[in-house]
Amino acid sequence: MKVTALGILFSVLPQQSASLKCGIKGFTSRCIGDTDIRYNPDISYDLKELDVFWKLFEGLYVGDHCIYLADGTPQSEVYLPGLPKESGFGSWDGCNQKSFLVS
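Residues numbered from 1 in each chain as written. Predicted model: local features only at pLDDT ≥ 70, side-chain atom pairs only at ≥ 80, totals over all residues. Heavy atoms only, no water.

Asks: Before we move on, can you summarise the environment of E58 with the specific residues and values?
Replies: Summarising the element assignment, E58 is placed in the loop between α4 (52-55) and β1 (60-65). Apart from the residues lying within four places of it in its own chain, the contact partners of E58 are K48 and S103. A distance of 2.9 Å separates the side chain of E58 from the side chain of K55, its partner in a polar contact. (Helix = DSSP H or I, 4+ residues; strand = E, 2+ residues; numbered from the N terminus. Contact = heavy atoms within 4.5 Å. Polar contact = N/O pair within 3.5 Å; in protein donor to acceptor, adjacent residues only side chain to side chain.)

The following block contains the structure:
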């Protein structure tokens, strides 16, 4: 059986994968951001900075929700999925719900 230095090295390394950073001269290829003309490190990902349109929608939104059945009547008893009414876990009113959105 032939034992090599590489085999010993792999046997003592942890059993995890690791990656090298891109752009290491002589070892890895150049980073995508260095060669791709679409990449600009100075661009912000904040939507409000990119367009005034998104600044107009900033704030807190509160909404009332109601779940309706196929015949158009409000669903007053909603149960947890997979748990029938007989399980005794209770229900909630499908038309007494509030939602909050902060943007």
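From this point on, the discussion continues.
Asks: Which residues make up a nonpolar patch on the surface, and what values do they have?
Replies: There is a patch of nonpolar side chains on the surface, built from I43, L47, L50, V52, F53, W54, L56, F57, Y61 and L101 and spanning about 1000 Å² of accessible area. Of all the secondary structure elements, the ones that give two or more residues to the nonpolar patch are α3 (47-50) and α4. Of the residues forming the nonpolar patch, the biggest block, three residues, is contributed by α4. Residue position: L47 is located in helix α3. (Patch = residues over 30% accessible without salt bridge, like charges linked within 9 Å, V, L, I, M, F, W, Y side chains within 5 Å. Areas by Shrake-Rupley, 256 points an atom, 1.4 Å probe, with all protein chains shown as cover. Salt bridge = Lys/Arg side-chain N within 4 Å of Asp/Glu carboxyl O.)

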